[in-house]
Amino acid sequence: MSGAKGIYGLSGSGLDVESLVKVGMISQQKKYDRIYKKEVEAEWRKEAYANIYDKTNTFKSRMSDYRLSSTTNPMTTTSTNADAVTAAADATAGVMTHNVEVTQAASNAYLMTAAGQKIARNNTGAQTSVMLKDVAFGGTMPPGMSPGDTALKFKISNGTGSAEISFTAEEVFTKNLTLNDLANRINNARFTGSDGKKTSLDIRANYDSVSDGFSLVNSKTGDSNKIDLSVKTTDPSASRTADLLNNLKLGTVAGGSIGPATTMATSGTTSSLTAAGTNATVKIDGRTYSNLQDNKLKVNGVAYTFKKATTGAAQINVAQDQDKLVENVKKFVEEYNALLDDLNKRYGDKGYKDYGPLTKSQEDGMSKEQVEKWNAKAKQGLLYRDSFLRSIVGDLRDAVINRVESVPGRYSTLSSIGITVRDQSGHLQIDEAKLKNAVAAEPDAVNRLISYSDEKDDYGKSGIASRLFNKIGGRLKELERHAGVASDKSDRSELGELIQNYEKQMSDFKKIMSSFESKLYKKYNAMEEAIARLSTQFSFFSGK
């Protein structure tokens, strides 16, 4: 018989050394398996806590949202002239009407092929061609120009930075690049900003084959945002580049109409064509705001958006959005119940006592599906009557039951606005009619009941969302110390260190088992050799 420690059975002794060693190792394997099962269960428990941490931390983040007045004191606005001006109000805005006059809305720098015109071509025999060689040249490469030479080159600026656009003769005359390629080069142009990073010019170019027109627009409004096309007159390609840009027949777009086509103007050694945006001028409640680069302005909690000039004043009416407030309160209850119900379920789940972690040998004797089903049952009940869960559930229930002392009047408890505890689990239920009545009667009280944050974090005075945010934050820190925030065992949490300790115990015990196994082989080997000698002696005497 061939074994791990040698070859046995040649003596004719009849000893099955392998089987004897295996039997001798059973008690050692059982000891090892006990440590292994503890390690696996600790890993499962850590995973379960990580899941609890994730869900509870998400809920805490949502409570941070509910502490914001924008959630529990939402505002709504309407405009009597939404085509010219609209607005959005935050929780700091007053319930009132604002008068808004838009003298001029800010506009973009915008160039487009003039109305009634099409792009001109220098090649008279190709008046519909989109190829640059036909727009800027006569269709063929001029004498003396080589494929590697620069055929077209100009700078484009947005008023802050500039980039160079160029095409080689090979690109123009061999690769036959087109007006679409010109637009793409402009769209992809970048300049190096003050921070050293490549930055987009924010100028969008487009060739429209239907109208045979070209357009450029700076996506930002205001007079500091421009479109400036310039050519150095000393460059060999200057004449043809100027032809290209002039042949686009670009006119300035303003007030919804296109101006006449303009040609490049020369000053010194530079020819250029420029368009600039315009600033907005508005009057809000009698106060004038001028030189606004953008069509957006926020005043006293109201963010205005200007679209075009008004004839007379437009009214922006600001009111509390009671429907949104009811919706948000219902969402709060829904999220609260989701977490509470999940924690209660885990806390009360006894699991299956007959199921526990499997050993490696047990898994080897089962199919993958059987192992998965077994483990699913074995993992149930890991957090039965868990102290961390009990503390979080207690905090959840305590926060919603007690009165908020900082709220004056009759709406200082959830029950007063129609939110009550359904049963002993703490699950909340809503009387929607009562909630709507409370919101209609005192929307500020509902806001304070949920969102109020006391400067000293006084629990009794804090709103419900603030109570939950602060309390759960503390519980999560405790949970993090005990189990970490994920399944990673190297996070220095108590469970992480326990798992690593079990792994070390298993590693050390493996060495003990190996040493014990070697001793068993030596023991039974010696026994077999002794039996062999006795057998030889017996044969000797028998022969006589």
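Here's a quick rundown of the structure. Note that this is a predicted model, so its numbers are computed, not measured.

## Focus on the environment of Glu494
In step 1: Among the secondary structure elements, Glu494 is positioned in helix H14 (residues 494-543).
In step 2: With 25 residues separating them along the chain, Glu494 and Phe469 place their C-alpha atoms 25 Å apart.
In step 3: Residues within four places of Glu494 in sequence aside, it is in contact with Arg481 and His482.

## A word on the nonpolar core
In step 1: Counting residues in hydrophobic clusters, the biggest one holds 48 residues, and the most contacted among them are Leu396, Ile417 and Leu468.
In step 2: For this core, the secondary structure elements donating two or more residues are helix H1 (17-66), helix H7 (322-348), helix H10 (387-401), helix H11 (432-441), helix H12 (443-451) and helix H13 (464-483).
In step 3: With residues near it in sequence (within four places) discarded, Leu396 still touches Phe59, Tyr336, Leu339, Leu340, Leu343, Leu468 and Ile472.
In step 4: Of all hydrophobic cores here, the second largest spans 42 residues; its members include Ala136, Phe154, Leu182 and Met264.

## So, the packing of H7 against H11
Each pair of packed helices gets described by two things: the angle between the helix axes and the distance between those axes.
In step 1: One way to put it is that H7 packs onto H11 with a least axis distance of 10 Å and a crossing angle of 130 degrees. Put simply, H7 runs oblique to H11. The way H7 lies across H11 gives a crossing that is right-handed. Of the residues in H11, those in contact with Gln322, Leu325, Val326, Val329 and Lys330 of H7 are Glu432, Leu435, Lys436, Val439 and Ala440.

## Points about the packing of aromatic side chains
Each aromatic ring pair is specified by the distance between its two centres and by the angle formed by the two planes.
In step 1: In this structure the tally under the stated criterion is 7 aromatic pairs.
In step 2: With 6.4 Å between their ring centres and 5 degrees between their planes, Tyr304 and Phe306 make a pair best called stacked.
In step 3: Aromatic side chains Tyr355 and Trp374 sit 4.4 Å apart centroid to centroid with 50 degrees between the ring planes, which places their arrangement in the tilted category. Of this pair, Tyr355 sits in the loop between H7 and helix H8 (360-364) while Trp374 is found in helix H9 (residues 368-379), placing the two residues 19 residues apart along the sequence.
In step 4: For Trp374, a relative accessible area of 25% gives the class partly exposed.
In step 5: Taken together, Tyr66, Phe332 and Tyr336 form an aromatic cluster joined through their ring pairs.
In step 6: Sitting over the ring of Tyr352, Lys377 keeps its end group 5.1 Å from the ring centre.
In step 7: Positioned above the aromatic ring of Tyr32, the side-chain terminus of Lys510 is 4.8 Å from the ring centre.

## Description of the environment of Gln362
In step 1: Examined against the element boundaries, Gln362 turns out to sit in helix H8.
In step 2: Those residues in contact with Gln362, other than ones at most four positions away along the chain, are Lys37 and Pro357.
In step 3: Reaching out from Gln362, the side chain makes a polar contact with the backbone nitrogen of Thr359 at a distance of 2.8 Å.

## Notes on a positive patch on the surface
In step 1: On the surface, Lys30, Lys31, Arg34 and Lys38 cluster together to form a positively charged patch.
In step 2: The topology assignment puts Lys30 in helix H1.

## What to know about the side chain of Ser466
In step 1: Within the fold, Ser466 resides in helix H13.
In step 2: Judged by its relative accessible area of 1%, Ser466 falls in the buried class.
In step 3: Looking at Ser466, its side chain comes within polar contact range of the side chain of Ser453, at 2.9 Å.
In step 4: Apart from the residues lying within four places of it in its own chain, the contact partners of Ser466 are Arg67, Ile450, Ser451, Tyr452 and Ser453.

## Considerations on the pattern of salt bridges
In step 1: This structure, assessed with the given rule, holds 23 salt bridges.
In step 2: The shortest N-O distance in the salt bridge between Asp342 and Lys55 comes to 3.5 Å. Remark: Lys55 occurs in helix H1 and Asp342 occurs in helix H7; sequence separation between them is 287 residues.
In step 3: Residue class for Lys55 comes out partly exposed when judged on its relative accessible area of 36%.
In step 4: Taking the shortest distance from any N to any O, the salt bridge between Asp395 and Arg475 comes out at 2.6 Å. Residue Asp395 is found in helix H10, and its partner Arg475 is found in helix H13; the two are separated by 80 residues along the sequence.

## Some remarks on the sheet that holds strand E13 (residues 226-232)
In step 1: Strand order in this open sheet of 5 strands is E8-E7-E13-E17-E16, and the pairing throughout is antiparallel. Sheet topology places strand E8 (162-168) and strand E16 (265-267) at the edges, where each strand pairs with a single neighbour. Within the sheet, the average angular offset between the axes of one strand and its neighbour, ignoring direction, is 30 degrees.
In step 2: Two elements, strand E7 (residues 150-157) and E13, share 3 bridges in a ladder whose sense is antiparallel. What sits directly across from Lys155, in E13, is Ser230.
In step 3: Most of the contacts of helix H5 (residues 179-187) go to E8, to which it runs at about 150 degrees, and overall it touches E7 and E8.

Calculation rules
- Residues numbered from 1 in each chain as written.
- Predicted model: local features only at pLDDT ≥ 70, side-chain atom pairs only at ≥ 80, totals over all residues.
- Heavy atoms only, no water.
- Helix = DSSP H or I, 4+ residues; strand = E, 2+ residues; numbered from the N terminus.
- Contact = heavy atoms within 4.5 Å.
- Core = buried A, V, L, I, M, F, W, Y, C linked by side-chain atoms within 4.5 Å.
- Buried < 20%, exposed > 50% of the residue type's maximum accessible area, 1.4 Å probe, protein only.
- Axes fitted to C-alpha atoms, helices over the stretch in contact; angles between N-to-C directions.
- Parallel < 35°, antiparallel > 145°, perpendicular 65-115°, else oblique.
- Left-handed = near helix turned anticlockwise from the far one by under 90°.
- Phe/Tyr/Trp six-rings, centres within 6.5 Å; stacked < 30°, edge-to-face > 60°.
- Lys NZ or Arg CZ within 6 Å of the ring centre and 35° of its normal.
- Polar contact = N/O pair within 3.5 Å; in protein donor to acceptor, adjacent residues only side chain to side chain.
- Patch = residues over 30% accessible without salt bridge, like charges linked within 9 Å, V, L, I, M, F, W, Y side chains within 5 Å.
- Areas by Shrake-Rupley, 256 points an atom, 1.4 Å probe, with all protein chains shown as cover.
- Salt bridge = Lys/Arg side-chain N within 4 Å of Asp/Glu carboxyl O.
- Lys, Arg positive; Asp, Glu negative; His and termini not counted.
- Charge placed at Lys NZ, Arg CZ, Asp CG, Glu CD.
- Pairing = 2+ DSSP bridges.

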